[in-house]
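# Structural overview
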Amino acid sequence: MRACIIGAGASGVTVAKSLKQRGVDFDWFEKGSALGGLWRYDNDSGTSSAYRSLQIDTSSRSLAYPDFSVPGDWPAYLRASQVLEYLEGYAAEFGIADACQTSTEVTAVEPASGRWAVTTDRYGAREYDAVIVANGHLSVPRRPQFPGTFSGQELHSHDYRTPESFSGKNVVVVGMGNSGCDIAVDLARVAGQVYLSTRRSAWILPKYLLGVPTDRWSALFTRRLRLPTPVARNLVKMLARVAVGPQERFGVPKPAHPIHREHATIGQELLQYVAYDWIRVRPDIASLDGGEVRFADGTSTSADVVIYATGYDPSFPFLPADLVAQAERGGRLYRRIVHPDAPGLYFAGLVQPVGPTIPLVEIQGRWIARALAGDVPLPDEAAQAQEIAAHRRWVRANFVNSERYRLEVDYRTYVGQLERDMAA
Ligand SMILES: Cc1cc2nc3c(=O)[nH]c(=O)nc-3n(C[C@H](O)[C@H](O)[C@H](O)COP(=O)(O)OP(=O)(O)OC[C@H]3O[C@@H](n4cnc5c(N)ncnc54)[C@H](O)[C@@H]3O)c2cc1C
Ligand SMILES: NC(=O)c1ccc[n+]([C@@H]2O[C@H](COP(=O)([O-])OP(=O)(O)OC[C@H]3O[C@@H](n4cnc5c(N)ncnc54)[C@H](OP(=O)(O)O)[C@@H]3O)[C@@H](O)[C@H]2O)c1
């Protein structure tokens with residue numbers, strides 16, 4: 001068994017660790033000149049969507065891989081540079097840092113008589129029994145199309161770094177996910193006026209509730225008290241309403257959908273900044289007209305800049321076209337990992353959990369290593385298809401109908417499935 005890992009972000013690093021621990025031989029390629037992926041600011045791979053002020057929204061205890069703690073004297077919420085330092089420490093601890101062949105881009109992955117031919121820009125083609133794709137899914141901008149044309153500057157959150165160049169300008173930020181909220185807050189002190197446009201609003205949770213990181217409350221409800229995730233999320237929402245107050249009183253509309261049907265939006269400053277009128281919340285954009293942005297409620301504003309914080313599309317430019325569609329809709333993978341039509345093709349980190357991603361991928365990594373070692377048998381085609389269909393039904397039934405929810409998994413349920421597979 002010889003495997004190939006593509007990508008050395010938080011996902012690739014932990015997959016490499018598990019393969020090494022399980023004695024699976026592997027090559028490991030990273031396009032950038034060093035490991036770290038998204039958390040390496042201005043990564044020369046061009047894939048990082050991190051801005052200078054990025055502060056992780058998962059607290060240190062929830063963020064850590066299960067086998068490597070975040071140092072106890074680090075803050076509850078890490079800066080991106082600290083997450084990078086943590087990843088580097090992890091790679092050093094498990095002796096894998098030197099295994100990564102950096103500045104090496106995988107350009108093609110093709111089936112080759114039961115094996116896989118992986119072509120890189122440095123070494124040409126090599127054959128492997130398995131390929132683990134860990135190339136990240138938050139690098140390729142998803143850009144909406146609105147009627148009309150805009151004469152000012154347009155950019156996607158992927159390309160946003162610092163607020164200085166927007167000083168004094170009127171900026172419309174589109175999208176109320178974590179990127180949109182962070183960027184609106186980042187700009188608020190220097191821009192002329194910031195507008196935050198949202199088509200359905202979002203439930204805004206602070207980073208701390210009663211002095212405790214908000215996700216520790218979620219962990220208490222789901223992991224200690226074993227409450228179902230929707231119940232836990234509603235309890236956190238109620239706590240926030242008591243501790244902070246209803247968000248509509250600050251000027252952020254109350255969403256029509258329940259909190260457990262969306263991805264969490266977490267930010268300590270947004271509600272205050274809206275209350276100060278530093279950020280004005282507006283509905284969806286109806287049209288763009290030269291220097292004017294018109295909103296769905298009939299209001300409009302002149303704007304210098306529109307920033308699309310409208311999310312990302314998974315992308316696998318190195319895979320054959322017939323395999324890509326299945327992979328781009330991550331829910332169509334068995335256990336969100338295994339390509340059902342391509343034995344030996346695995347994906348790591350292609351999930352959007354209700355909960356932290358990094359520790360979840362550690363479990364995926366161990367699962368993959370065991371599957372490669374033959375200790376996690378894969379079910380037959382029909383059973384895989386059934387599992388995929390059941391997961392897709394769960395996503396459709398539980399989340400808002402938006403492109404944003406293609407890769408959702410419930411942390412606790414998913415961990416349970418993977419752990420049970422490994423125990424069996
Ligand atoms: C702004 C932002 C904030 C986030 N905050 C949180 C948070 O608070 N908590 C949380 O749990 N998650 C957060 N996430 C999610 C985050 O994406 C995951 O936690 C995790 O870090 C993703 O790691 P990854 O390795 O899958 O992807 P990445 O970090 O993107 O790494 C993928 C790597 O693959 C490499 N690569 C890509 N294509 C190729 C190729 N063809 N050949 C070779 N190498 C290639 C890239 O260069 C990159 O180094 C955040 C995401 C974003 C965008
Ligand atoms: N501080 C942090 O830790 C931090 C910061 C940034 C990002 N992240 C993480 O990174 C990931 C990506 O976050 P993201 O905010 O970049 O993307 P996202 O979660 O996909 O959010 C995209 C936002 O854009 C909106 N949108 C998409 N298409 C639209 C359209 N055509 N018209 C109007 N609105 C549209 C979405 O609205 P709908 O809901 O209506 O679809 C949503 O509000 C998430 O996992 C997030 O948690 C974390």
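Here the focus is the site of ligand 2. Surrounding ligand 2, one finds 25 residues, the nearest of these being Ser179, Arg199, Arg200, Gln352 and Ser402. In the model, an oxygen atom of ligand 2 is placed 2.6 Å from a nitrogen or oxygen of the Ser179 side chain. Protein chains bury 87% of the 910 Å² of accessible surface belonging to ligand 2 in isolation. Looking at the shell around ligand 2 element by element, the count peaks at 3 residues for helix α4 (residues 178–188). Split into classes, the residues belonging to the shell around ligand 2 amount to 9 nonpolar, 10 polar and 6 charged.

Attention now moves to the sheet that holds strand β21 (residues 305–308). One open sheet holds the 5 strands; their spatial order is β10-β21-β11-β12-β17, and the pairing between them is parallel. In this open sheet, the two edge strands, each paired with only one partner strand, are β10 (153–156) and β17 (279–282). Across the sheet, the mean angle separating the axes of adjacent strands is 20° when strand polarity is ignored. Summarising the sheet, β10 and β21 pair through 4 bridges and their orientation is parallel. Across the sheet, the residue bridging to His156 is Tyr308, located in β21. Packing of α4 onto the sheet brings it into contact with β11 (170–174), β12 (193–197), β17 and β21, and relative to β12 it is tilted by some 170°.

Counting residues in hydrophobic clusters, the biggest one holds 87 residues, and the most contacted among them are Leu19, Ile132, Leu187, Ile279, Tyr346 and Trp367. Ranked by residue count, the leading element in this core is helix α9 (residues 358–372), at 9 residues. Among residues more than four places away in sequence, those in contact with Tyr346 are Ala130, Val131, Ile132, Val133, Ile337, Val338, Trp367, Ile368, Ala371, Leu372 and Leu378. Counting residues in hydrophobic clusters, the runner-up holds 22 residues, among them Trp116, Val118, Ala327 and Leu333.

Before going further, it helps to spend a moment on the pairing of strand β4 (residues 106–112). The side chains of a regular strand alternate between both faces of the sheet. Examined bridge by bridge, β4 and strand β5 (residues 115–120) share 6 bridges and lie antiparallel to one another. Its bridge partner lying in β5, Ala108 is registered against Thr119. Remark: 2 residues form the turn of the hairpin made by β4 and β5, two consecutive strands paired antiparallel; Ser113 in that turn has positive phi of roughly 45°.

In the vicinity of ligand 1, 29 residues are found, and the nearest of them are Ser11, Glu30, Ile56, Asp57 and Thr58. Measuring from a nitrogen atom of ligand 1, one finds a side-chain N or O atom of Thr58 at 2.6 Å. Here ligand 1 has 1000 Å² of accessible area as a free molecule, and 91% of this is covered by the chains. Looking at the shell around ligand 1 residue by residue, the classes come out as 14 nonpolar, 11 polar and 4 charged.

Once that is clear, we can look at a negative patch on the surface. There is a patch of like negative charges on the surface, built from Asp322, Asp341, Asp380 and Glu381. With respect to the element layout, Asp341 can be found in the loop between α8 (321–328) and β23 (345–347). Residue classification places Asp341 among the exposed residues on the basis of a relative accessible area of 51%.

This part takes up α4. The buried fraction of α4 amounts to 9 of the 11 residues, a majority that puts the element mostly inside the structure. Those residues of α4 lying buried are Asn178, Gly180, Cys181, Ile183, Ala184, Val185, Asp186, Leu187 and Ala188.

A few words on the packing of aromatic side chains. Applying the stated rule across the entire model yields 19 aromatic pairs. On the basis of an interplanar angle of 35° and a centroid distance of 6.3 Å, the ring pair of Trp217 and Phe221 is categorised as tilted. Here the residue Trp217 and the residue Phe221 both occupy positions in helix α5 (residues 214–224), the gap between them amounting to 4 residues, near one helical turn. Each member of the pair, Trp217 together with Phe221, is buried. Connected via pairs of aromatic rings, a cluster forms that spans Tyr65, Phe68, Tyr86, Tyr90 and Phe94. Positioned over the ring face of Tyr123 is Arg126, at 4.5 Å from the centre of the ring. Taking NZ or CZ as reference, Lys207 lies 5.1 Å from the ring centre of Tyr77, over its face.

The next thing to look at is the pairing of strand β6 (residues 124–128). Relative to β6, β5 runs antiparallel, the two sharing 5 bridges. Of the residues in β6, the one forming a bridge with Trp116 is Tyr128. The hairpin formed by β5 and β6 contains 3 residues between the paired strands.

This paragraph deals with the sheet that holds strand β1 (residues 2–6). To summarise the sheet geometry, strands pair through backbone hydrogen bonds and adopt either a parallel or an antiparallel arrangement. Across the sheet, 5 strands lie side by side as β3-β2-β1-β7-β23; this open sheet has parallel pairing. The sheet terminates laterally at β3 (100–101) and β23, the two strands that pair on one side only. Two elements, strand β2 (residues 25–29) and β3, share 2 bridges in a ladder whose sense is parallel. When the bridges of β3 are listed, Trp28 appears paired with Cys100.

Listing the buried residues of α8 in full gives Leu323, Val324, Gln326 and Ala327. Tucked into the core, α8 has its buried residues touching β5 and β23.

We now examine the packing of helix α1 (residues 10–22) against helix α3 (residues 80–93). How two helices sit against one another is set out by the angle between their axes and by the gap between those axes. Across the interface, α1 lies against α3 with an axial gap of 10 Å and an inter-helix angle of 15°. If you check the angle between α1 and α3, you find them roughly parallel. With respect to the hand of their crossing, α1 and α3 are arranged in left-handed fashion. Touching Ala10, Val13, Thr14 and Lys17 of α1 are Leu87, Tyr90 and Ala91, all from α3.

Each value, and the rule that gives it
- Numbering of residues starts from 1 in every chain and runs along the sequence as written.
- Chains carry letters and ligands carry numbers; both start at the beginning, A for chains and 1 for ligands, and go up in the order they are written.
- Local features in this predicted model are restricted to residues whose pLDDT is 70 or higher, and side-chain atom pairs enter the listing and the counts only when it is 80 or higher, whereas totals over whole chains, interfaces and linings include all residues.
- The side-chain figures draw on all heavy atoms in the structure; neither hydrogens nor water molecules are used.
- For this description, a residue counts as near a given molecule or strand if any of its non-hydrogen atoms is within 4 Å of it.
- Two N or O atoms count as a polar contact when they lie within 3.5 Å, although within protein this holds only if one can serve as hydrogen donor and the other as acceptor, and sequence-adjacent residues are included solely when both atoms are side-chain atoms.
- Only the protein chains shown count as covering a residue, and every accessible area follows the Shrake-Rupley method with a 1.4 Å probe.
- Per the convention used, a helix needs a DSSP run of H or I reaching at least four residues, while a strand needs a run of E reaching at least two, with both numbered from the N terminus.
- Amino acid classes used here: Ala, Val, Leu, Ile, Met, Phe, Trp, Tyr, Cys and Pro are nonpolar; Asp, Glu, Lys and Arg are charged; the rest, including Gly, are polar.
- Two strands form a pair only when DSSP identifies at least two bridges running between them.
- Axis definition: a line fitted to C-alpha atoms, limited for helices to the stretch in contact. Angles are taken between N-to-C directions and run from 0 to 180 degrees.
- Here, residues are in contact when the closest pair of their heavy atoms is within 4.5 Å.
- In plain words, nonpolar cores are sets of buried Ala, Val, Leu, Ile, Met, Phe, Trp, Tyr and Cys residues tied together by side-chain atoms within 4.5 Å.
- Residue burial is assigned from relative accessible area. The probe radius is 1.4 Å, only protein chains are included, and a residue is buried under 20% of its type maximum, exposed over 50%, and partly exposed in between.
- Residues qualify for a patch when their relative accessible area is over 30% and they have no salt bridge, like charges being joined within 9 Å and the nonpolar side chains of Val, Leu, Ile, Met, Phe, Trp and Tyr within 5 Å.
- The working definition used for a salt bridge is a side-chain nitrogen of Lys or Arg within 4 Å of a carboxyl oxygen of Asp or Glu.
- When charges are counted, neither His nor the chain ends are considered; positive counts come from Lys and Arg and negative counts from Asp and Glu.
- Charge placement uses NZ in Lys and CZ in Arg. For Asp and Glu, CG and CD serve respectively.
- Paired rings are identified among Phe, Tyr and Trp, the last through its six-membered ring, by centres lying within 6.5 Å, and are further divided according to the angle between planes into stacked (under 30 degrees), edge-to-face (over 60) and tilted (the rest).
- Two thresholds decide whether a charge sits over a ring: the Lys NZ or Arg CZ must be within 6 Å of the ring centre and within 35 degrees of the ring normal.
- Should an angle lie under 35 degrees it is considered roughly parallel, over 145 roughly antiparallel, and from 65 to 115 roughly perpendicular; all remaining angles are considered oblique.
- Left-handed is the label given to a crossing in which the near helix is rotated counterclockwise from the far helix by less than a right angle, and right-handed is the label when the rotation is clockwise.

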